[in-house]
Number of protein chains: 2
Amino acid sequence: MEIPKEADLSTDINRQLNFYQKEDQALLAVDCIIFGFDKTNLKILLIKRNFEPEKGKWSLIGGFLKKNENLDQAATRVLNTLTGLSDIYMEQLYTYSKLDRDPGQRTISVSYFALIDVDSHQFDGIQIESARWFDLNEAPSLIFDHDEMIQKAIARLRRRAMTMPIGFELLPEKFTMRQLQNLYESILNKKLDKRNFINKVNSLDVLVKLNEKDMTVSRKGAYLFVFDKEKYRKKVEEDGFSFKL
Amino acid sequence: MEIPKEADLSTDINRQLNFYQKEDQALLAVDCIIFGFDKTNLKILLIKRNFEPEKGKWSLIGGFLKKNENLDQAATRVLNTLTGLSDIYMEQLYTYSKLDRDPGQRTISVSYFALIDVDSHQFDGIQIESARWFDLNEAPSLIFDHDEMIQKAIARLRRRAMTMPIGFELLPEKFTMRQLQNLYESILNKKLDKRNFINKVNSLDVLVKLNEKDMTVSRKGAYLFVFDKEKYRKKVEEDGFSFKL
DNA sequence: AATGATGGTGTATAATCGACACATAAAATT
DNA sequence: AATTTTATGTGTCGATTATACACCATCATT
């Protein structure tokens, strides 16, 4: 069972695995699945392509990796160029490499997902002239393997939302309990029980209830809450607390 | 809020995101985190490099993506070339792109993890002359960002083992309950209660107890079990069953 | 016959989850 | 002024799930 430690790899194997041809170089792209929430529905930001291939079709926002940046930076740059936004939560998802995924040329694409509070970030300027928010279940079918990317992104978003406090990235700083519940119902695509939800959220003890009501939402008005990031951080650090909804 | 649908992207943005330079092409590699289990300990397979850079240091097994294959195929090929094994469980993990991660040249690397039952797969032949299994916590420090890759792989393995029946990939076809428990204790890096573990496993109702004992393990011998893949598949399909340990 | 090492089994308590209904506030309507 | 409308806010109980825990059986060795 034990294997000699000092022997060398054969030259054959060395060559097979580690030599490369210029022609084996590939184009690396990033594609961003941008989720947004407008206090009611979960949405996704798409653009209509004005360039070939597949000009005129809807697609995710993407771009090519440049030689002086890493993938996270490329994803951030692509998002910023098209929306003007910075400081947005982003996370790498998966790398797609089917041979014919882009009919034009061999392209390997790394998908990222981003979370945006739609109402707090008004995009203006030229960047988004051909971009549009779609309700998740009303989005058109997309080019290449972008539909598959979205499915994987939704799955990841669901998992993350249950185990990390990332939902707050999709809400304004102050939000009502109902908005938070709407968000989770949109993400999970199912109704939740109001009292159970609130009890659970409160038991996490990471929200602060303000002495301030959102009066736009009903006659009575609803108390506003904020997520206490610092308190959350400390709980994780000191008590090994983990966010579970 | 609503954005015009028909407008075009500006030429500037189009150019910025979608034109590319030959020099932006990059080398794409795959690196494999190969986990093994020998009925007692969780192990990882490493090789001693006999080529530059970092010749003589331990590293993950890796290779370059070729132009006629996708990443899954590249990972499978790399594993097969070095171990002779095929039909091994593999899963893509994460893509690493720090500018200076490989001091030699700009390389983007996609990590994969693989699961192998050490005892059932005897490697022989030249492939593994400089390869060796290491206990997880006795592994040497590795080149580049390979240590980081391993940490992420362990985290993923833990999550997967709790929610998918992938542990069986690390065991021989027939195994004892104690071996299964040892496996989970190795993966989770903590002791589990014997009775609770067995009760939980049995309640999943996807193992078959054989009329056959492993007599090597004690005087009394221990019953052998097999994972009933077909039964598992049906439960998932028909009852929406999900594996949770 | 005694010893030693590992296998195999069930119950009781605590914690968590999930179902469930009514009163309150305040604006709008009559 | 009274009534209607609409969304807010709040607690309990039963079911399920998770956790803690101890003893006897088997059989090879001595």
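Throughout, a residue's number is its position along its own chain's written sequence, starting from 1. The naming scheme follows written order: chains are lettered A onward, ligands numbered 1 onward. Reporting of local features is limited, given that this is a predicted model, to residues whose pLDDT is at least 70; pairs of side-chain atoms are given and counted only at 80 or more, and all residues count toward the totals for whole chains, interfaces and linings.

Engineer: What should I look at first to understand the overall build of chain A in this one?
Structural biologist: A run of H or I in DSSP becomes a helix once it reaches four residues, and a run of E becomes a strand once it reaches two; helices and strands are each numbered from the N terminus. Helices and strands together make up the secondary structure of chain A, namely 6 helices and 10 strands. The burial label depends on the number of other C-beta atoms within 10 Å of a residue's C-beta. Counts of 20 or more mean buried, 12 or fewer mean exposed, and intermediate counts mean partly exposed, with C-beta atoms placed from the backbone. Burial statistics for chain A: of 245 residues in total, 32% are counted as buried.

Engineer: Before we go on, may I ask you to explain the protein's contact with DNA strand D in this structure?
Structural biologist: Any residue qualifies as near a molecule or strand once its backbone-derived C-beta atom lies within 6 Å of it. Close to DNA strand D lie 19 residues; R178, R195, S218 and Y223 of chain A together with K220 of chain B are nearest. At the level of secondary structure, the elements contributing two or more residues to the surface near DNA strand D comprise α4 (177-188), α5 (194-204) and β10 (222-227) of chain A together with α5 (194-204) of chain B. The biggest single contributor to the surface near DNA strand D is α5 of chain A, with 5 residues. Classifying every residue of the surface near DNA strand D by side-chain character gives 5 nonpolar, 5 polar and 9 charged. Three classes are used: nonpolar for Ala, Val, Leu, Ile, Met, Phe, Trp, Tyr, Cys and Pro, charged for Asp, Glu, Lys and Arg, and polar for all others, with Gly counted as polar.

Engineer: Sorry if this is basic, but what is going on with the domain arrangement of chain A here?
Structural biologist: The figure often quoted for interface size is the accessible area lost as the parts come together. Residue and element names in this part refer to chain A. Splitting chain A by domain gives domain 1 (24-161) and domain 2 (173-245). Computed from C-alpha coordinates alone, the two centres of domain 1 and domain 2 are separated by 28 Å. Contacts are defined on C-beta atoms placed from the backbone: any two residues whose C-beta positions lie within 7 Å are in contact. In this complex, domain 1 contributes 8 residues to the contact, which on the side of domain 2 involves 7 residues. Among the elements that take part in the side of domain 1 that touches domain 2, helix α3 (residues 146-163) stands out by supplying 3 residues, more than any other. By residue class, the composition of the side of domain 1 that touches domain 2 is 4 nonpolar, 2 polar and 2 charged. These domain boundaries are the output of an automatic or database domain assignment.

Engineer: Which parts of the structure should I look at to understand the sheet that holds strand β8 (residues 175-176) of chain A?
Structural biologist: Consider a sheet: its strands pair through backbone hydrogen bonds, and that pairing is either parallel or antiparallel. Residues and elements named next belong to chain A. Read from one edge to the other, the open sheet built from 3 strands follows the order β8-β10-β9, with strand pairing classed as antiparallel. Edge positions in the open sheet fall to β8 and β9 (207-214), since each of these has one partner strand only. Note that β9 and β10 share 5 bridges and pair antiparallel. By the bridge assignment for β10, L207 is matched with F227. Strand pairing requires that DSSP identify at least two bridges connecting the strands.

Engineer: Quick question: what am I supposed to make of the protein's contact with DNA strand C here?
Structural biologist: In the neighbourhood of DNA strand C, 19 residues make up the surrounding shell, with R219 of chain A together with R178, R195, S218 and Y223 of chain B lying closest. When residues of the surface near DNA strand C are traced back to their parent elements, those giving at least two are α5 of chain A together with α4 (177-188), α5 and β10 (222-227) of chain B. Top contributing element to the surface near DNA strand C by residue count: α5 of chain B, with 5 residues. When the residues that make up the surface near DNA strand C are grouped by side-chain class, the tally is 5 nonpolar, 5 polar and 9 charged.

Engineer: Mind showing me how you'd approach the packing of α3 of chain A against α4 of chain A here?
Structural biologist: When two helices pack together, their arrangement is captured by the angle between the axes and the distance separating the axes. Residues and elements named next belong to chain A. Axis definition: a line fit to C-alpha positions, over the contact stretch in the case of helices; interaxial angles, taken between N-to-C directions, run 0 to 180 degrees. At a minimum axis distance of 9 Å, the contact between α3 and α4 shows a crossing angle of 140°. By the angle between their directions, the pair α3 and α4 is classed as oblique. Relative to α4, the crossing made by α3 is left-handed. Contacts from L157, R158 and A161 in α3 reach Y184, I187 and L188 in α4. Taken together, the residues that form the contact of α3 with α4 break down as 5 nonpolar, no polar and 1 charged. Angular relationships are summarised with four words: roughly parallel below 35 degrees, roughly antiparallel beyond 145, roughly perpendicular across 65 to 115, and oblique for the angles in between. Left-handed describes a crossing in which the near helix is turned anticlockwise from the far one by less than a right angle; the clockwise case is right-handed.

Engineer: Explanation requested: the pairing of strand β4 (residues 61-64) of chain B in the structure shown.
Structural biologist: A regular strand carries its side chains on alternate faces of the sheet. Residues and elements named next belong to chain B. Residues I61 and G63 of β4 are buried on one face, and the alternating residues G62 and F64, pointing to the opposite face, are buried as well. Across 4 bridges, strand β1 (residues 27-37) lies against β4 in antiparallel orientation. Bridging across to β4, A29 finds its partner in F64.

Engineer: Is there a simple way to explain the pairing of β1 of chain B in this structure?
Structural biologist: Residues and elements named next belong to chain B. With 10 of its 11 residues buried, β1 lies for the most part within the structure. Bridging between β1 and strand β2 (residues 42-48) involves 3 bridges; their strand directions are antiparallel. Residue pairing for β2: F35 is matched across the bridge by I44.

Engineer: What should I look at first to understand the environment of L192 of chain A in this one?
Structural biologist: Residues and elements named next belong to chain A. Relative to the elements of secondary structure, L192 occurs in the loop between α4 and α5. We classify L192 as partly exposed; it has 15 C-beta atoms within 10 Å. With residues up to four places along the chain from it excluded, the contact list for L192 reads Q181, Y184, E185 and F197.

Engineer: Would you mind showing me how to read the confidence of the model for chain A here?
Structural biologist: Residues shown with low pLDDT carry predicted positions that ought not to be read at fine detail. Residue and element names in this part refer to chain A. Summarising the model, chain A shows a mean pLDDT of 88, and 88% of its residues fall at 70 or more. Residue-level confidence of the predictor, termed pLDDT, takes values from 0 up to 100. Ranking the helices and strands of chain A by mean pLDDT puts strand β5 (residues 89-96) first, with 98, and helix α1 (residues 11-18) last, with 50. The low-confidence segment residues 1-12, where pLDDT is below 50, has 17 contacts with residues more than four positions distant or belonging to other chains. With a pTM of 0.91, the predicted complex shows an ipTM of 0.91.

Engineer: Looking at this model, I keep getting lost on the sheet that holds strand β8 (residues 175-176) of chain B. Mind explaining?
Structural biologist: Here 3 strands make up an open sheet; going across it, the order is β8-β10-β9 (chain B) and the pairing antiparallel. Since the sheet does not close on itself, it has two edges, and those belong to β8 and β9 (207-214) of chain B, each with one partner.

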